[in-house]
Amino acid sequence: MTEQHSPLQAICQRYQAIILEHSAQQLKVALPENASPQSIEALRFASQCHVDVEYWPQARLEQYSDERSDADQTHPHPPDDPLPGSAIELVNQTLLTALQRRASDIHFEPQAHCLRIRLRIDGVLQTLHSRCEVPRASVIARLKILGNLDIAEKRMPQDGQFTLALNGKNESFRLATLPTRFGEKAVIRLLQSNAQSMALDALGMSAAALKQYRAALARPQGLILVTGPTGSGKTFTLYSGLSALNDPGKNLSSVEDPIEIPLPGVNQTQINTKAGLDFHRVLRALLRQDPDVIMLGEIRDSETAEIAVKAAQTGHLVLSTLHTNSATETLTRLSQMAIPGYLLGSALKLVIAQRLVRRLCPHCRYRSDAVAHIPASLWPGTLQTWRATGCDHCFSGYYGRLALFEVLPINGKLQNAIAANARAETLADLAKQQGMNALFVEGLHAISRGDTTLEEVNRIVGTHDG
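Conventions and cut-offs
Residues numbered from 1 in each chain as written. Predicted model: local features only at pLDDT ≥ 70, side-chain atom pairs only at ≥ 80, totals over all residues. Heavy atoms only, no water. Core = buried A, V, L, I, M, F, W, Y, C linked by side-chain atoms within 4.5 Å. Buried < 20%, exposed > 50% of the residue type's maximum accessible area, 1.4 Å probe, protein only. Contact = heavy atoms within 4.5 Å. Helix = DSSP H or I, 4+ residues; strand = E, 2+ residues; numbered from the N terminus. Pairing = 2+ DSSP bridges. Right-handed = clockwise from strand over helix to strand, strands pointing away. Polar contact = N/O pair within 3.5 Å; in protein donor to acceptor, adjacent residues only side chain to side chain. Phe/Tyr/Trp six-rings, centres within 6.5 Å; stacked < 30°, edge-to-face > 60°. Lys NZ or Arg CZ within 6 Å of the ring centre and 35° of its normal. Salt bridge = Lys/Arg side-chain N within 4 Å of Asp/Glu carboxyl O.

Colleague: In this structure, what is going on with the nonpolar core? I would like to understand it.
Modeller: When a protein is soluble and globular, its nonpolar side chains tend to lie buried together. Formed by 44 residues in total, the largest nonpolar core has its most connected members in Ile299, Leu331, Leu348, Leu408 and Ile410. Discounting residues that sit within four places of it in the chain, Leu408 has contacts with Ala327, Thr328, Leu331, Lys349, Leu350, Val351, Leu414, Ala431, Gln434 and Met436.

Below you can see the structure in the form of structure tokens.
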């Protein structure tokens, strides 16, 4: 600020005014929403020109002051824009790139001197670029504004959602922030805004597994569980089942955190823990809504598990997810949640365990070595493996992902074993006897077809231990 501007600067400090633009004819400032009329007169007198005023919330004033302080360290003059256009352009371009590259998540990570941006594509994080010319705080502030978060709160994690028009289409995103050493980190999850390709046939199940899933969905009551770690595609499998059941003759209701995919015709409720609207409360309320089908986003504790099992026994078809590693482990996990075996055995109809592995690019894949170290009990003879070099279509040798499914229908023998609280080994033996393929074996079939690699199956499923 030059010497002739010092009186104006003093007035701005006194009234918490921020100069946005200043020319010989006009002064544009931002003032607090409760600014007094005297402040405008003082600014007009000090600047000797027309004063154009914007009224900002206190949080926005503080945020802009912080951003200008950061920018002053590298720029001789503060930016004219309260939120630099470069930050808005960077966010929009990153979102577009993520959509074009089929990313599931975007990571905005503040480093010591720059902002690193990474995309999770086909389950693997890839660095997009590191930007040092755009103030990190400006980018995070832009994301917070989109997600309707408190831009002044930097010490606590925050969550939000937003929809943005990109290339003429509304796209939905979920935003989560977290304080880190060099500032706030933000992760954006790209949500599917419509129900495209949600037919059961599009899941990629084998004909036998798909037949078992359809049979369970056709039941008037019972519990269907889809299991696996975070990011294994459980939600999509669940939504596909719900979509197959969706017709005007049934009342379908769901409780989710958050609503991942809007489904017309389904009564979807998103929990709100701050307002006291948790899974237990919504699930109890749904039972009084005359439901035919209930989808529960996740069974997280004993109380939720108990309500779901009882609902499945009283004339409702219940679909839900659980974080377990295999179909048989699901049976023991529910018993650990204090669900009596006799209740679980009669309620449970089907368990699906699944993983997502990267799919080899069909344009550049080629046959590789045949391996013979797979135990004969898992794969008789040699296993044909495949590779991919990477091409203009895929860049990495992989393009997209496919699901591996472990499908376990609960037949009479299993039901009796569950009711008798049988050991995990006994349940696993019964599952094998009725022809269930383990996830690793399903992975071997995918390798033989040329859909993926042995390294990828080992990375996601793990080597088979017996």
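Colleague: Mind showing me how you'd approach unusual backbone geometry here?
Modeller: Cis geometry is adopted by the peptide bond preceding Pro258, which originates at Asp257 and carries an omega value of -5°. Inspection of the secondary structure puts Pro258 in the loop between strand E11 (252-256) and strand E12 (267-270). Within the chain, Asp290 stands out as a residue other than glycine whose phi angle is a positive 50°. Note that Asp290 resides in the loop between helix H8 (279-286) and strand E13 (293-296). Judged by its relative accessible area of 62%, Asp290 is exposed.

Colleague: Hey, could you run me through the pairing of strand E18 (residues 398-409) in this one?
Modeller: Within a regular strand, side chains alternate between the sheet's two faces. Buried residues dominate E18, accounting for 9 of its 12 residues. Pairing of strand E15 (residues 348-360) with E18 involves 10 bridges; the strand directions are antiparallel. In the sheet register, Ile352 faces E18, and the bridge partner there is Val407.

Colleague: Would you explain the pairing of E13 in this entry?
Modeller: Burial along E13 is two-sided: the residues Val293 and Met295 and Ile294 and Leu296 are all buried. With 4 bridges joining them, E11 and E13 adopt parallel strand pairing. Of the residues in E13, the one forming a bridge with Leu252 is Val293. A crossover links E13 with its parallel partner strand E14 (residues 317-322), the connecting element being helix H9 (residues 302-313), and its sense is right-handed.

Colleague: Teacher, can you tell me more about the side chain of Ser172 here?
Modeller: The topology assignment puts Ser172 in strand E8 (residues 169-180). The exposure class assigned to Ser172 is buried, which follows from its relative accessible area of 18%. At 3.4 Å, the side chain of Ser172 forms a polar contact with the side chain of Thr163.

Colleague: Is there a simple way to think about the packing of aromatic side chains in this case?
Modeller: Two numbers describe a pair of aromatic rings. These are the distance of the centres and the angle of the planes. If you walk through the whole model with that rule in mind, you get 1 aromatic pair. When the ring of Phe162 is compared with that of Phe173, the centres are 5.1 Å apart and the planes differ by 25°; the resulting orientation is stacked. Placement of the pair is Phe162 in strand E7 (residues 158-166) and Phe173 in strand E8, with a sequence separation of 11 residues. We note Arg358 situated over the ring of Tyr398; from NZ or CZ to the ring centre the distance is 4.0 Å. The residue whose ring lies beneath Arg365 is Trp386, and the NZ or CZ to ring-centre distance is 5.0 Å.

Colleague: Got a minute to help me understand the environment of Ile117 in this structure?
Modeller: By the secondary structure assignment, Ile117 is in strand E5 (residues 115-121). In this view, Ile117 contacts Leu90, Thr94, Ile106, His107, Phe108, Gln126, Thr127, Leu128 and His129; residues no more than four positions away in its chain are not counted.

Colleague: Could you clarify how one ought to interpret the pattern of salt bridges in this entry?
Modeller: Between side chains of opposite charge, pairing is possible as soon as their charged atoms come close. Scanning the entire structure with this criterion turns up 20 salt bridges. Note that Glu54 and Lys28 form a salt bridge whose closest N and O atoms lie 3.2 Å from each other. Highlighted residues: Glu54 in strand E3 (residues 50-56) and Lys28 in strand E2 (residues 26-32), separated in sequence by 26 residues. Residues participating in the shared-partner salt-bridge network are Glu109, Arg116, Arg118 and Lys185.

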